[in-house]
Amino acid sequence: LAIDGSDLYVGGHFTNAAGIATADYIARWNGSTWLALGSDGVANGALAWDAWEIAVSGSDLYVGGGFRDAALIPEADYVARWNGTAWSALGSNGSGDGAVNSPVWAFALSETGGDLYVGGDFDNVAGIATADRVAEWSLVPFTDIAGTTFEKDIIWVYLHGITSGCSATTYCPTAPVTRGQMASFLARALALPSTTTDHFTDDNGTTHEANIN
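Residues numbered from 1 in each chain as written. Predicted model: local features only at pLDDT ≥ 70, side-chain atom pairs only at ≥ 80, totals over all residues. Heavy atoms only, no water.

1. Observations concerning the overall build of the protein chain
What counts, and what does not: Helix and strand definitions follow DSSP, with helices as H or I runs of at least four residues and strands as E runs of at least two, each counted in order from the N terminus. Note on classification: 1.4 Å probe, protein chains only; a residue is buried when its accessible area is under 20% of the maximum for its type, exposed when over 50%, partly exposed between these limits. Contacts are residue-level and defined by heavy atoms, with any inter-residue pair within 4.5 Å sufficient. For the purpose of counting charges, residues Lys and Arg are taken to be positive, whereas Asp and Glu are taken to be negative. His and the chain ends are not included. A single reference atom marks each charge: NZ on Lys, CZ on Arg, CG on Asp, CD on Glu.
Within the protein chain, the regular secondary structure consists of 3 helices and 11 strands. Ordered by position in the sequence, the α and β elements of the protein chain form the string β-β-β-β-β-β-β-β-β-β-β-α-α-α. Seen through its principal axes, the protein chain has C-alpha atoms that stretch 55 × 45 × 30 Å. When burial is assessed residue by residue, the protein chain has 35% of its 213 residues classed as buried. Considering only contacts within the protein chain whose residues lie at least 6 apart along the sequence, 34% involve residues at least 24 apart. Computed over 7 positive and 24 negative side-chain charges, the separation of the two mean positions in the protein chain equals 3 Å.

If you want it as structure tokens, here you go:
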């Protein structure tokens, strides 16, 4: 079981929760209705076998268990991520299968929430000879935030989809923030509705124009 706001996520050995053909092995209860988490594209659930462990981090749900090829993704074996609309894998073994090669039994999140620890029957995760039975998956790609005053806050805004980095692997924690960037941060954090009104003439065509408006 895992709770995210008013939603309850349930994993186990069931199929067709509440008669929903795609609610197999994992399902969401929103307080009044059961819902599926995607599908395999052929009228069954995204998972083809048991979900034994669930963890919520930011806007993502991480699921571990005995399944392989979640949502028919070859690399989504035994552990996978659900972002609210789609499934994805956590790395690979470099040969077309998942990084984890046997069932996952346990999850734990780091204190900052930036790392997911995984325990199970596996060995050699992602081809790492010493990654046996327990391994760590970094949920945050940044290499320049460790030890900074705002490390936990940076991890939080990243995991909640409020901001990304200045590159694929760096956050640039001391870089200045423009008014346009701040508008985007606020629009995402507050889930502000869109508008068709164009309030300003000096932001036309810029990345942040919609969020500024």
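2. With respect to the sheet that holds strand S7 (residues 79-82)
Formally: Pairing between strands is defined by DSSP: at least two bridges between them are needed.
Taken in spatial order, the 4 strands make up an open sheet running S5-S6-S7-S8, and their pairing is antiparallel. Edge positions in the open sheet fall to strand S5 (51-57) and strand S8 (87-88), since each of these has one partner strand only. Both S7 and S8 contribute to a ladder of 2 bridges, which runs antiparallel. When the bridges of S8 are listed, Trp82 appears paired with Trp87.

3. Comments concerning the environment of Ile26
With respect to the element layout, Ile26 can be found in strand S3 (residues 26-29). As for Ile26 and Thr149, which are separated by 123 residues in sequence, their C-alpha atoms are 38 Å apart.

4. Quick look at the packing of aromatic side chains
Put simply, the test is: Pairing of aromatic rings covers Phe, Tyr and Trp, the last through its six-membered ring, and needs centres within 6.5 Å; plane angles under 30 degrees mean stacked, over 60 mean edge-to-face, and all others mean tilted.
Tallying each qualifying case throughout the model produces 6 aromatic pairs. An angle of 50° between the planes, with centres 5.3 Å apart, marks the rings of Trp29 and Trp34 as tilted. Residue Trp29 is classed as partly exposed on the basis of its relative accessible area, which comes to 28%. Looking at Trp34, the relative accessible area reads 29%, which means it is partly exposed.

5. Some remarks on a nonpolar patch on the surface
Note the following rule: Patches were defined on residues exceeding 30% relative accessible area and lacking a salt bridge, with like-charge contacts within 9 Å and nonpolar side-chain contacts (Val, Leu, Ile, Met, Phe, Trp, Tyr) within 5 Å. Reported accessibility uses the Shrake-Rupley method at a 1.4 Å probe radius. Residues are deemed covered only where the shown protein chains occlude them. Each salt bridge in this description consists of a side-chain nitrogen of Lys or Arg and a carboxyl oxygen of Asp or Glu lying within 4 Å of one another.
Among the surface-exposed residues, Val177, Met182, Leu186, Leu190 and Leu192 lie close enough to one another that they form a single nonpolar patch of about 460 Å² accessible area. Relative to the assigned elements, Leu192 resides in the loop between helix H2 (179-189) and helix H3 (209-212). By relative accessible area, which is 47% here, Leu192 ends up partly exposed.

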